[in-house]
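A structural walkthrough
What follows is the residue order along each chain.
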Amino acid sequence: MQIQRNCEEEISELISHVFFSRAYNSKSIKIHKNVVLMEDIMRKSLFDGEISIYCVGSRGEGTDVRGSDHDELCIWEKVICQTAVHKPFAWEKVIICENTEMAQNQNCALFVLDCKDCQQGYAKLKLVMNDADKSKDLHTEEDRVFGMIEKTPEGNYLSNTKVIGMYSELLTSKDFPRKVIRNGPCATTISQSKYDDTNKVLYYENYDSAQGFHICNLTREGEHWLQIMNASTKERFWPSAKTIQKISTLKCEVVAVGDHDSSFLDPCLKWRISYTLWERELIWSFQDVQIYCYVFLKIFLKRKLKYKSEDITSFHVKNVVFWESLYSSCEILERKTNFLSFVKKCLIRLREAIDKQRLQHFIDRKRNLFESKLTDEKAKRKLISYLDKE
């Protein structure tokens, strides 16, 4: 047993050194973090601060592998509204919050999270009418956001389809050298920016821009998670108290959803409560072993697992690594010789989650990431059998 353990450690160190040490390590991630934060600031200037654009996903984290998408998170500080036909666009400030306490005395468009009839982690954005607004007709040109909402018997809600369309229209009006198309919850821009020596286009670059809004106050789930993390600082190695303190200064978001959920009557009103910037900060705090494992599992997913099941995504893998990291000691996460051992633990955790069809979101503990997934029992058994062999 000890010989096997020593052999595993030697192989772990060799793999870490040969495949990961140059491209992926905690030092390079920290450098990448500073570059991305600077890019975030520069991107904000593109729209004069009306829209904040964050580099997220694999490229934002610094863990991209071949085939990774270019993901952007576009946070609207204000929305565009046209006060009258043939008049120029005007910008209107938007606030998203959990309750109506802020509705009065706010000179802006205010929406509250309406989670009625929504799965955990999702909401509709209901327009709150303050005293000044109640005297207006939503179909008149005086209304500030009449072009962005859908009227229903339950109230007036912000349409994700119209917000995505608004972003596409904005890019077109600014003469961006990109073609803009709708791709699920994203406005995808296609750029011909790569050329060879003869000025021939080598390939297209796609940028998937998810549309969303900051939530002005912490969600109950986010606040609860911060409380748990702060109370357990002495009992864990990762994430550190410094990382949690940084996360506590960041906001949550609501992001447009593009899937056609049969349980949701009107998908164009569906928004996902997101902790994208929190998760990016968690990835940036990874030790080498965590980074190696996360990248390895993403490669394994792209080359193997995705052909067994389309229900398993890199987001599931990310949360598995988060959970396993939370319960791992300093010794496990800091020693490269533990790479294979950590990968095994993550795969075991993933297998158990698939078997139970339950994987908790690392931050929103009430949200099951496998809800409405893995419904084909036969396919699920095949996937589990494949993981057992691996």
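Refer to the preceding data block for the structure.
Within every chain, residues take consecutive numbers counted from 1 along the sequence as written. It should be noted that, the model being predicted, local features are given only for residues of pLDDT at least 70 and side-chain atom pairs only at 80 or more, the latter also being counted only at that level, while totals for whole chains, interfaces and linings use all residues. Side-chain descriptors were evaluated using all non-hydrogen atoms of the structure, hydrogens and water having been removed beforehand.

**Remarks on helix H13 (residues 377-389)**
Secondary structure follows DSSP: runs of H or I at least 4 residues long count as helices, runs of E at least 2 residues long count as strands, and numbering of each begins at the N terminus. Helices are assigned an expected span. That span is 1.5 Å times one less than the residue count. Here H13 is 13 residues long and its end C-alpha atoms lie 19 Å apart, about the 18 Å a rise of 1.5 Å per residue gives. Partly exposed residues are those whose accessible area sits between 20% and 50% of the maximum for their type, while under 20% is buried and over 50% is exposed, using a 1.4 Å probe and protein chains only. Every buried residue of H13 is accounted for by Lys380, Leu383, Ile384, Tyr386 and Leu387. Axial view of H13: buried residues confined to an arc of 160°, hence all on one face. Along H13, the residues that are exposed and aim more than 90 degrees away from the buried face are Lys378, Lys382 and Lys389. In what follows, residue pairs with any heavy atoms lying within 4.5 Å of each other are defined as contacts. Packed against the buried residues of H13 are helix H9 (288-303) and helix H12 (339-356). Among the residues of H13, the N-terminal cap falls to Asp376, whose side-chain oxygen and the backbone nitrogen of Lys378 are separated by 3.1 Å. The directions considered for the arc run from the helix axis to the C-beta atoms. Pairing of N or O atoms within 3.5 Å defines a polar contact, subject to two protein rules: one partner must be a possible hydrogen donor and the other a possible acceptor, and residues neighboring in sequence count only if both atoms are side-chain atoms.

**Notes on unusual backbone geometry**
Look at the link from Trp238 to Pro239: it is a cis peptide, with omega at -5°. By the element assignment, Pro239 lies in the loop between helix H6 (220-231) and helix H7 (241-247). Phi angles above zero are rare outside glycine, and Asp117 is one such case at about 65°. With respect to the element layout, Asp117 can be found in the loop between strand E5 (109-114) and strand E6 (122-128). Phi is positive for Gln357, close to 55°, though the residue is something other than glycine. Here Gln357 shows up in the loop between H12 and H13. For Gln357, a relative accessible area of 25% translates into the label partly exposed.

**Quick notes on the pairing of strand E13 (residues 271-274)**
Strand pairing follows a simple DSSP-based rule, namely that at least 2 bridges must link the two strands. In terms of strand pairing, E6 meets E13 through two bridges, oriented antiparallel. Counted as the bridge partner of Ala123 is Trp271 from E13. For strand E12 (residues 253-256) and E13, the ladder comprises four bridges, and the chain directions are antiparallel. Bridging across to E13, Val255 finds its partner in Arg272.

**A few points about the packing of aromatic side chains**
A pair of aromatic rings is counted whenever rings of Phe, Tyr or Trp (Trp by its six-membered ring) have centres within 6.5 Å, and the orientation is called stacked for planes under 30 degrees apart, edge-to-face for over 60 and tilted otherwise. One pass over the structure, following the stated rule, counts 15 aromatic pairs. With 5.2 Å between their ring centres and 40° between their planes, Phe322 and Phe362 make a pair best called tilted. In this pair, Phe322 is assigned in helix H10 (residues 314-326) and Phe362 in the loop between H12 and H13, connecting sequence segments 40 residues apart. Neither residue differs from the other here; Phe322 and Phe362 are each classed as buried. Ring pairs connect the aromatic residues Trp225, Trp238, Tyr275, Trp278, Phe286, Tyr294, Phe322, Trp323, Tyr327 and Phe362, which therefore count as one cluster. Only when the NZ atom of a Lys or the CZ atom of an Arg is both within 6 Å of the ring centre and within 35 degrees of the ring normal do we say a charge sits over the ring. Positioned over the ring face of Tyr386 is Lys308, at 4.8 Å from the centre of the ring.

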